[in-house]
Amino acid sequence: MQSDETLILRAQRGDVEAFEQIVHRYDQRILALALRYTQDPDEAKDVYQEVFMRVYRALPRFQFRSQFATWLHRIAVNVCFTQRRQLQRRSHLSLDEPRGAAGTGASWGEMILDERTGEDRVLVDELSSQIHDALRELSPTQRLVFILRHYHDFKLREIAAMLRCAEGTVKRHLFTATRRMRRQLQTRLSEQGI
């Protein structure tokens, strides 16, 4: 298997197959990030497409000053923020309105775990729904920091590079997001006796 650097150098020379291999290597991570951030499969696909279109256009200028994964996720972060602002301007929808798996026939829990049955399935679906709702109540930056750290295992310095901010700022967003998520989940689950 060729390294990212080798594939990038080939793609920079116009090798379309090398670019396709790069996309294949990172596509699931970018789609998962977009889905967790937007909480809507259609929006996530739009983000995914836009990210790789921007990568294709910008790849000739990539100079290996950072890791490719960090650079790629920085583009994904920017696209997520841009898409969110555009959607808010166009439709004036609140982040609190129901979004996500509605209309797809699949619950958030089904997208996360589709192997459960019976009572376990109900509990997983309920918990997934509560996490989904709690994530939706975070600010866009807090949500993105939380997702990048807890779902994608990026280090704080890597997230800071993606967001182009200080590591301390990322720590603050993560601390606030975690505290809010914990509080919201405890309240919601205790109200339901779970």
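Residues numbered from 1 in each chain as written. Predicted model: local features only at pLDDT ≥ 70, side-chain atom pairs only at ≥ 80, totals over all residues. Heavy atoms only, no water.

A. Structural context of the nonpolar core. Ranked by internal contacts, the top residues of the largest apolar core, which has 49 residues, are Val51, Leu59 and Phe68. Of all the secondary-structure elements, those providing two or more residues to this core are helix H1 (4-12), helix H2 (16-38), helix H3 (41-58), helix H4 (68-91), helix H6 (118-136), helix H7 (140-150), helix H8 (156-163) and helix H9 (167-191). Leaving out residues up to four positions away in the same chain, Val51 has contacts with Ile30, Leu72, Ile75, Ala76 and Val79. (Core = buried A, V, L, I, M, F, W, Y, C linked by side-chain atoms within 4.5 Å. Buried < 20%, exposed > 50% of the residue type's maximum accessible area, 1.4 Å probe, protein only. Helix = DSSP H or I, 4+ residues; strand = E, 2+ residues; numbered from the N terminus. Contact = heavy atoms within 4.5 Å.)

B. Molecular detail of the packing of H2 against H3. Put simply, H2 and H3 touch, their axes get as near as 8 Å, and they point 140° apart. Classed by the angle they form, the pair H2 and H3 counts as oblique. At the point where H2 passes H3, the crossing takes the right-handed sense. Across the interface between the two elements, Phe19, Val23, Tyr26, Asp27, Ile30, Leu31, Ala34, Leu35 and Thr38 from H2 touch Pro41, Glu43, Ala44, Lys45, Val47, Tyr48, Val51, Phe52, Val55 and Tyr56 from H3. Across the contact of H2 with H3, the residue classes tally to 15 nonpolar, one polar and three charged. (Axes fitted to C-alpha atoms, helices over the stretch in contact; angles between N-to-C directions. Parallel < 35°, antiparallel > 145°, perpendicular 65-115°, else oblique. Left-handed = near helix turned anticlockwise from the far one by under 90°. Nonpolar A, V, L, I, M, F, W, Y, C, P; charged D, E, K, R; others polar.)

C. Structural view of H3. Compared with an ideal rise of 1.5 Å per residue, which puts 18 residues at 26 Å, H3 spans 26 Å between its outermost C-alpha atoms and is within 8% of the ideal. When we look at burial in H3, the residues that qualify are Pro41, Glu43, Ala44, Val47, Val51, Phe52, Val55 and Ala58. The arc that holds every buried residue of H3, seen down its axis, measures 160°, which confines them to one face. For H3, the capping residue at the N-terminal end is Asp40, with a side-chain oxygen 3.0 Å from the backbone nitrogen of Asp42. (Expected span 1.5 Å × (residues − 1). Arc of directions from axis to C-beta. Polar contact = N/O pair within 3.5 Å; in protein donor to acceptor, adjacent residues only side chain to side chain.)

D. Focus on the side chain of Glu158. Within the secondary structure, Glu158 is located in helix H8. The buried charged residue Glu158 lacks any salt bridge, with Arg157 as its nearest oppositely charged partner at 4.5 Å. Beyond its immediate stretch of four places on either side in the chain, Glu158 contacts Gln67 and Thr70. (Lys, Arg positive; Asp, Glu negative; His and termini not counted. Salt bridge = Lys/Arg side-chain N within 4 Å of Asp/Glu carboxyl O.)

E. How the structure looks around the environment of Leu174. For Leu174, the position within the fold is in helix H9. Residue classification places Leu174 among the buried positions, given a relative accessible area of 12%. Along the backbone, Leu174 and Val145 are 29 residues apart, and their C-alpha atoms lie at a distance of 6.0 Å. When residues no more than four places from it in sequence are discounted, the contact partners of Leu174 are Val145, Phe146, Arg149, His150 and Leu156.

F. Here's a closer look at the pattern of salt bridges. Inspection of the entire model under this criterion finds five salt bridges. Measuring nitrogen to oxygen at the nearest pair gives 2.6 Å for the salt bridge that ties Asp4 to Arg25. Taken together, the residues span a long stretch of sequence, with Asp4 in helix H1 and Arg25 in helix H2 at a distance of 21 residues. Take Arg25: its relative accessible area is 23%, and that puts it in the partly exposed class. Between Arg136 and Asp133 there is a salt bridge, with the nearest N and O atoms lying 2.9 Å from each other. Within this pair, Arg136 and its partner Asp133 are both found in helix H6, separated by three residues, close to a single helical turn. There is no split in this pair, since Arg136 and Asp133 are both buried. A single network of salt bridges, built from pairs that share partners, joins Glu50, Arg54 and Arg57.

G. A look at H1. Within H1 the residues assigned to the buried category are Leu7, Ile8, Arg10 and Ala11. One side of H1 holds all its buried residues, which, seen down the axis, span an arc of 165°. After H1 finishes, the residue Gly14 shows a positive phi value of roughly 100°.

In short, geometric facts, not functional conclusions.
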